[in-house]
Amino acid sequence: TQLPWTKKIRDIEGLQSLAAQVILDMTVVAMIGLPVFYIFKASVLGGGSSTMELTESTNCHAPMMDLLQFWTQAGLGNYHANFVADEATILKVWVPANLVIFSVPLYLRLPLRHVVSFVWTTYFSLIRGGT
């Protein structure tokens, strides 16, 4: 990470490591981050806000479990419906960002990642938060 850019672009082993880091990060975002976003969004915005709407049961935990199941199903349904468009957007933003983030010196990675994450989260919430 301390090499100048001119040497970094010729370092085959380093470029392979960079590609592996970007692929791993994109996989985590796609397979964990997006489903969590949509489930959380369903819990905040998506119907089922009252446990009285749910099936009554003698088990006091059943309404909460039904609510969690509802949020999960609604969130994962939205995740699947928007997967292609979301992935295209993620790839446009995060691949170039990760190439830079994973290439800078270690002391800059975390602050740079936070800035990109803040901008990304704000943007993604604006395009997907209300729909």
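Scroll up to find the structure this text is about.
Everything numeric in this text was worked out from a predicted model, so none of it was measured.

Our next topic: the nonpolar core. Soluble globular proteins tend to bury their nonpolar side chains together. Judged by nonpolar contacts, the single largest core of 15 residues is most densely connected at Leu-34, Ile-90, Trp-94 and Ile-101. Only helix 2 (12-45), helix 3 (62-101) and helix 4 (106-128) provide two or more residues apiece to this core. With six residues, the top contributor of residues to this core is helix 2. With sequence-adjacent residues up to four places away left out, Ile-101 is seen in contact with Trp-94, Arg-109, Leu-112, Arg-113 and Val-116.

Moving on, we get to the packing of aromatic side chains. Within this structure, the stated rule accounts for six aromatic pairs. Each ring, one from Phe-37 and one from Tyr-38, has its centre 5.2 Å from the other, and the planes form 75°; the classification is edge-to-face. Pairwise contacts between aromatic rings join Phe-37, Tyr-38, Trp-120, Tyr-123 and Phe-124 into one cluster.

A separate point is the pattern of salt bridges. What the rule picks out here adds up to one salt bridge. Taking the shortest distance from any N to any O, the salt bridge between Asp-25 and Arg-113 comes out at 2.9 Å. Pair noted here: Asp-25 is in helix 2 and Arg-113 is in helix 4, with a separation of 88 residues, a long-range link. In this structure, Asp-25 and Arg-113 share a single accessibility class: buried.

We now examine the packing of helix 2 against helix 4. Helices that pack against each other are described as a pair by the angle of their axes relative to one another and the distance between those axes. Contact geometry of helix 2 with helix 4 gives a least axis separation of 13 Å together with a crossing angle of 45°. Relative to helix 4, the element helix 2 is oriented oblique. When you trace helix 2 past helix 4, the crossing you get is right-handed. Contacts between helix 2 and helix 4 involve Asp-25, Leu-34, Phe-37, Tyr-38 and Lys-41 from the former and Arg-113, Phe-124, Ser-125 and Arg-128 from the latter. Tallied by class, the residues present in the contact of helix 2 with helix 4 amount to four nonpolar, one polar and four charged.

This next bit is on the side chain of Asp-25. The exposure class assigned to Asp-25 is buried, which follows from its relative accessible area of 13%. Of the polar contacts made by the side chain of Asp-25, one reaches the side chain of Arg-113; its length is 2.9 Å. Excluding residues within four positions of it along the chain, Asp-25 makes contact with Asn-98, Phe-102 and Arg-113.

Within the secondary structure, Thr-89 is located in helix 3. By relative accessible area, which is 18% here, Thr-89 ends up buried. Reaching out from Thr-89, the side chain makes a polar contact with the backbone oxygen of Ala-85 at a distance of 3.0 Å.

Together, Leu-24, Val-28, Met-31, Ile-32 and Val-36 line one region of the surface with nonpolar side chains, adding up to about 490 Å² of accessible area. Residue position: Met-31 is located in helix 2.

Calculation rules
- Residues numbered from 1 in each chain as written.
- Predicted model: local features only at pLDDT ≥ 70, side-chain atom pairs only at ≥ 80, totals over all residues.
- Heavy atoms only, no water.
- Core = buried A, V, L, I, M, F, W, Y, C linked by side-chain atoms within 4.5 Å.
- Buried < 20%, exposed > 50% of the residue type's maximum accessible area, 1.4 Å probe, protein only.
- Helix = DSSP H or I, 4+ residues; strand = E, 2+ residues; numbered from the N terminus.
- Contact = heavy atoms within 4.5 Å.
- Phe/Tyr/Trp six-rings, centres within 6.5 Å; stacked < 30°, edge-to-face > 60°.
- Salt bridge = Lys/Arg side-chain N within 4 Å of Asp/Glu carboxyl O.
- Axes fitted to C-alpha atoms, helices over the stretch in contact; angles between N-to-C directions.
- Parallel < 35°, antiparallel > 145°, perpendicular 65-115°, else oblique.
- Left-handed = near helix turned anticlockwise from the far one by under 90°.
- Nonpolar A, V, L, I, M, F, W, Y, C, P; charged D, E, K, R; others polar.
- Polar contact = N/O pair within 3.5 Å; in protein donor to acceptor, adjacent residues only side chain to side chain.
- Patch = residues over 30% accessible without salt bridge, like charges linked within 9 Å, V, L, I, M, F, W, Y side chains within 5 Å.
- Areas by Shrake-Rupley, 256 points an atom, 1.4 Å probe, with all protein chains shown as cover.

It is worth stressing that arrangement in space is one thing and function is another; only the former is reported here.
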